[in-house]
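Architecture at a glance
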Amino acid sequence: MKQPMEQALRVAREKLKEIRTVTEWAEKMGYECPKYYSNRFKRQYGLSPKPKLVVLRIEKFQKLIKEKPELSCYEIALQLGLEDEKVLNKYIKTHTGKAPREWRNGE
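Since the structure is predicted, the reported quantities are computational estimates derived from the model, not experimental observations.

Procedures and definitions
Residues numbered from 1 in each chain as written. Predicted model: local features only at pLDDT ≥ 70, side-chain atom pairs only at ≥ 80, totals over all residues. Heavy atoms only, no water. Helix = DSSP H or I, 4+ residues; strand = E, 2+ residues; numbered from the N terminus. Contact = heavy atoms within 4.5 Å. Areas by Shrake-Rupley, 256 points an atom, 1.4 Å probe, with all protein chains shown as cover. Salt bridge = Lys/Arg side-chain N within 4 Å of Asp/Glu carboxyl O. Buried < 20%, exposed > 50% of the residue type's maximum accessible area, 1.4 Å probe, protein only. Phe/Tyr/Trp six-rings, centres within 6.5 Å; stacked < 30°, edge-to-face > 60°. Axes fitted to C-alpha atoms, helices over the stretch in contact; angles between N-to-C directions. Parallel < 35°, antiparallel > 145°, perpendicular 65-115°, else oblique. Nonpolar A, V, L, I, M, F, W, Y, C, P; charged D, E, K, R; others polar. Expected span 1.5 Å × (residues − 1). Core = buried A, V, L, I, M, F, W, Y, C linked by side-chain atoms within 4.5 Å.

1. Section: the overall build of the protein chain
The number of helices and strands found in the protein chain is seven helices and zero strands. Starting at the N terminus and ending at the C terminus, the protein chain contains elements arranged as α-α-α-α-α-α-α. Across its three principal axes, the protein chain shows a C-alpha extent of roughly 40 × 20 × 20 Å. For the protein chain, long-range pairs separated by at least 24 residues make up 52% of all intrachain contacts whose partners lie at least 6 apart in sequence. Carbon and sulfur atoms form 50% of the exposed surface of the protein chain, whose accessible area is close to 6,800 Å².

2. Describing the pattern of salt bridges
Enumeration over the complete set of coordinates arrives at two salt bridges. Two residues, glutamate 14 and arginine 10, come together in a salt bridge whose shortest N-O distance is 2.9 Å. One end of the pair, glutamate 14, and the other, arginine 10, are both in helix α1 (residues 8-14), four residues apart, so they sit about a helical turn from each other. A relative accessible area of 54% means that glutamate 14 is categorised as exposed.

3. Remarks on the packing of aromatic side chains
All chains considered together, the criterion is met by seven aromatic pairs. Pairing tyrosine 31 with tyrosine 37 gives two aromatic rings, centres 5.3 Å apart and planes at 55°, and the pair type is tilted. A ring pair is formed by phenylalanine 41 and tyrosine 45, whose centres lie 4.6 Å apart and whose planes are at 40°; its orientation type is tilted. Within this pair, phenylalanine 41 and its partner tyrosine 45 are both found in helix α3 (residues 34-45), separated by four residues, close to a single helical turn. Accessibility expressed as a relative area gives 0% for phenylalanine 41, which makes it buried. Joined through ring pairs, the aromatic side chains of Trp25, Tyr31, Tyr36, Tyr37, Phe41 and Tyr45 make up one cluster.

4. Points about the packing of helix α4 (residues 49-67) against helix α6 (residues 85-96)
One can describe the packing of α4 onto α6 by two numbers: an axis separation of 11 Å at closest approach and a directional angle of 110°. Here α4 is positioned roughly perpendicular relative to α6, judged by the angle of their axes. Across the interface between the two elements, Leu53, Val54, Arg57, Ile58 and Phe61 from α4 touch Leu88, Tyr91, Ile92, His95 and Thr96 from α6. When grouped by side-chain class, the residues that make up the contact of α4 with α6 number seven nonpolar, two polar and one charged.

5. With respect to α3
Helical geometry note: an α-helix holds 3.6 residues per turn, so side chains three or four residues apart project in the same direction. Helix length check: α3 (twelve residues) gives 16 Å between terminal C-alpha atoms against 16 Å at 1.5 Å per residue, within 8%. Two residues or fewer past α3, glycine 46 is found with a positive phi of approximately 75°.

6. What to know about the nonpolar core
Counting 30 residues, the largest nonpolar core has Trp25, Tyr37, Ile76 and Leu88 as the members making the most contacts within it. Elements with a contribution of two residues or more to this core: α1, α2 (22-28), α3, α4, α5 (73-79) and α6. Considering every element that reaches this core, the biggest residue donor is α4, with seven residues. Leave out the neighbours within four places in its chain, and isoleucine 76 touches Phe61, Leu64, Ile65, Leu71, Leu88 and Arg104.

In structure tokens:
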């Protein structure tokens, strides 16, 4: 059953660990066609779902670094739905310009 588009961000935040692609997000929302889901999402939020997933992951990364500094990069990667700390390092550096180590040290 399709969920209302207004629920998309809530679903993504709750299931970020499981949603790695727009196709997976569309499926969690009950859409069989990812392209249809993407078009509806863009009309609703003014942004395509793929960049929104990046924003949500970066926000969660920043929250985890701040609230749970004892977590290892590997643990953070898993919570973000990424494979390991190497993938996390590249992902965070690509999308923020800073490595996770720099975020941890407040640089």
